[in-house]
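Spelled out from the first residue to the last, the chains are:
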Amino acid sequence: MDTITHAISGAVIGAATSRGNPQEMRRRALWGALFAAFPDTDAAIALFTDTLTYLNAHRGVTHSVVLLPAWAALLGWIAARVRGQRWRDMASLAAAALAAHILGDLITSYGTRIFAPVYDAPLAFPITFIIDPVFTLILLAGLVAALARSRPVFATASGVVLCGWLVLQVFAQQAATRVGIAYAETLGVPDAPVVAFPQPLSPFNWKIVIAEGDNYHRAYLNLLEDESRPPAGEAAAFITRLRSAYQPADALQWEIHKRWPRGEELRALAVAAWEAPAFEGFREFALLPYVTAIRGDTRDVCVWFTDLRFTLPAMQAPFEYAMCRDADGWALNVE
């Protein structure tokens, strides 16, 4: 989730836990925002390491529930030193704000290492898109009302409404998954893994992926649509093209993404690129990897990979990297 939304969530917690005094409420909202934004300071890792290392280190130790008490104690101590506040009060607020940040990231598709450094694998329960305007506006409305009227109850109410919004998204994800399971049965692979990923623009937009061996079956679903939408032309606005991709369950356009290219020679080349030591970081990061392109000749060639989790209609795939081979062997190309 974006850092601005995280900061707003911390501000809401600060306002909701105040006594209603306007000055105290503003102070706690400010500190709550700072505390909730703190985990994303791990973005500074990108300044000191390579791209793939950063992809795996992000949402690591600063997002860990194991280390949350230590971070809360440290942040509470800093706040107490800066403003002369009670350390215990500030540490409690920091703990709540950090927990809100961790939960906010856990419900997106990226994955969060919530048990680092004890257990370093990323976990995700993807029910909301990484940027969800409704999620943000629910919190922002509660915060503005609470600060304007000096009544913490408005901040608390926004948290309750947000919980209802997330419950809706849970049910939407389950409905999308059932659509994928039904299609897997028609393919004759009822036991194939089915995953539904939240998408932009609406909580009813989902990307369904069925992993069948080395093939991924992918479709874009809108749970509320009852009539198929005509595809938008290339000249249409980005939002129009994006919206038109999501179809009702009975008109889904399933596409197959092959993990490896056709042909033994190209497949062997792609496998060699995938297994190169320099690509270890992407192997660790990618959940649904596949080859998007092979360019070059037999001597100088690049094999491009991306992760199907993050692809969106009407836009270039993010997190797309190439392994390139020359006379010196395989090397990472992130351009």
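Look a little higher up for the structure.
On a predicted model such as this, the values are computed, not experimentally measured, just so you know.

Remarks on the pairing of strand E3 (residues 215-222)
Alright, step 1. E3 sits mainly inside the fold: 8 of its 8 residues count as buried.
Alright, step 2. The side-chain alternation of E3 yields two buried faces, one formed by Asn215, His217, Ala219 and Leu221 and the other by Tyr216, Arg218, Tyr220 and Asn222.
Alright, step 3. Across 8 bridges, strand E2 (residues 205-212) lies against E3 in antiparallel orientation. In the strand pairing of E3, Ala211 is matched with Tyr216.
Alright, step 4. Once E2 ends, the chain turns through 2 residues before running back antiparallel as E3, passing Gly213 with a positive phi of about 60°.
Alright, step 5. In this structure, E3 lies alongside strand E4 (residues 255-258), joined through 4 bridges in antiparallel fashion. By the bridge assignment, Tyr216 is partnered in E4 with His257.

What about the sheet that holds E4?
Each strand in a sheet pairs with another by means of backbone hydrogen bonds, the pair being arranged parallel or else antiparallel.
Alright, step 1. Reading across the sheet, the 4 strands line up as E1-E2-E3-E4 and stay open at both edges, with antiparallel pairing between neighbours. One side of each edge strand has no neighbouring strand; the edge strands of this open sheet are strand E1 (194-198) and E4. Averaged over all adjacent pairs, the angle separating strand axes in this sheet is 25°, with direction ignored.
Alright, step 2. As defined by bridge partners, E1 adjoins E2 across 5 bridges and the pair is classed as antiparallel. Across the sheet, Phe197 pairs through a bridge with Lys207, a residue of E2.
Alright, step 3. Here helix H7 (residues 152-186) sits on the sheet in contact with E1, E2 and E3, set at roughly 40° to E2.

Quick look at the sheet that holds strand E7 (residues 321-326)
Alright, step 1. Here 4 strands make up an open sheet; going across it, the order is E5-E6-E7-E8 and the pairing antiparallel. A single partner strand is all that each edge strand has here, and the edge strands are strand E5 (289-296) and strand E8 (329-333). On average, each strand axis in the sheet is tilted by 25° relative to the strand beside it, whichever way the strands run.
Alright, step 2. Bridge count for strand E6 (residues 301-307) against E7 is 5 bridges, and the pairing is antiparallel. Its bridge partner lying in E7, Trp304 is registered against Ala322.
Alright, step 3. Set on the sheet, helix H9 (residues 264-274) makes contact with E5, E6, E7 and E8; between it and E6 the angle comes to about 70°.

Observations concerning helix H6 (residues 133-149)
Structural remark: α-helix, 3.6 residues per turn; residues separated by three or four positions point the same way.
Alright, step 1. Its 17 residues place the ends of H6 24 Å apart at the C-alpha level, agreeing with the 24 Å of an ideal helix rising 1.5 Å per residue.
Alright, step 2. By the burial criterion, the buried members of H6 are Phe135, Thr136, Ile138, Leu139, Gly142, Leu143 and Ala146. Considered in projection along H6, the buried side chains sweep an arc of 160° and stay on one side of the axis. Exposed and facing more than 90 degrees away from the buried side of H6 are Pro133, Leu137, Ala148 and Arg149.
Alright, step 3. In this fold, the buried residues of H6 make contact with helix H1 (3-16), helix H2 (22-37) and H7.
Alright, step 4. The N-capping residue of H6, defined by a side-chain oxygen 3.1 Å from the backbone nitrogen of Val134, is Asp132.

Some details on the side chain of Gln199
Alright, step 1. Note on placement: Gln199 falls in the loop between E1 and E2.
Alright, step 2. Setting aside anything within four residues of it in sequence, one finds Gln199 in contact with Phe129, Asn205, Trp206, Lys207, Tyr220, Tyr246, Thr311, Leu312 and Pro313.

Section: the packing of aromatic side chains
Alright, step 1. Throughout the structure, instances matching the rule amount to 18 aromatic pairs.
Alright, step 2. With a centroid separation of 4.8 Å and 55° between ring planes, the pair formed by Phe310 and Phe319 is classed as tilted.
Alright, step 3. On the accessibility criterion, Phe319 (24% relative accessible area) is partly exposed.
Alright, step 4. One aromatic cluster is present, built from ring pairs that chain together Tyr110, Trp260, Trp274, Phe279, Phe282, Phe285, Phe305, Phe310, Phe319 and Tyr321.
Alright, step 5. Sitting over the ring of Trp274, Arg259 keeps its end group 5.1 Å from the ring centre.
Alright, step 6. When the ring centre of Phe285 is taken as reference, the NZ or CZ atom of Arg309 above it lies at 5.1 Å.

Re the environment of Trp254
Alright, step 1. Position of Trp254 among the secondary structure elements: in the loop between helix H8 (238-244) and E4.
Alright, step 2. Between the C-alpha atoms of Trp254 and Ile208, which are 46 residues apart in sequence, the distance is 9.2 Å.
Alright, step 3. In contact with Trp254, other than residues within four places in its own chain, are Gly180, Tyr183, Ile208, Ile210, His217, Arg218 and Ala219.

Reading guide: rules and limits
- All chains use their own residue numbering, which begins from 1 and follows the written sequence.
- Reporting in this predicted model follows two pLDDT cut-offs: at least 70 for local features of residues, and 80 or more for side-chain atom pairs to be given and counted; totals over whole chains, interfaces and linings ignore these cut-offs and use all residues.
- Computation of side-chain values covers all heavy atoms of the structure but excludes hydrogens and water.
- Exposure is judged per residue with a 1.4 Å probe applied to protein chains only, and the accessible area is read against the type maximum: over 50% gives exposed, under 20% gives buried, and values in between give partly exposed.
- A run of H or I in DSSP counts as a helix once it spans at least four residues, and a run of E counts as a strand once it spans at least two, with each numbered from the N terminus.
- Being paired, for any two strands, means DSSP has found at least two bridges between them.
- Axis definition: a line fitted to C-alpha atoms, limited for helices to the stretch in contact. Angles are taken between N-to-C directions and run from 0 to 180 degrees.
- Note on definitions: a residue-residue contact is assigned when non-hydrogen atoms from the two residues lie within 4.5 Å.
- In this scheme, a helix's expected span is set at 1.5 Å multiplied by one less than its residue total.
- Throughout, the arc means the angular range of directions from the helix axis out to the C-beta atoms.
- Think of a polar contact as two N or O atoms within 3.5 Å of one another; within protein, one of them needs to be a possible hydrogen donor and the other a possible acceptor, and neighboring residues in sequence only count if both atoms come from side chains.
- Ring geometry is summarised as follows: Phe, Tyr and Trp rings, the Trp one being its six-membered ring, pair when their centres sit within 6.5 Å, and such pairs are stacked at plane angles under 30 degrees, edge-to-face over 60 and tilted between the two.
- Whether a charge lies above a ring is judged from NZ of Lys or CZ of Arg, which has to be within 6 Å of the ring centre and within 35 degrees of the ring normal.

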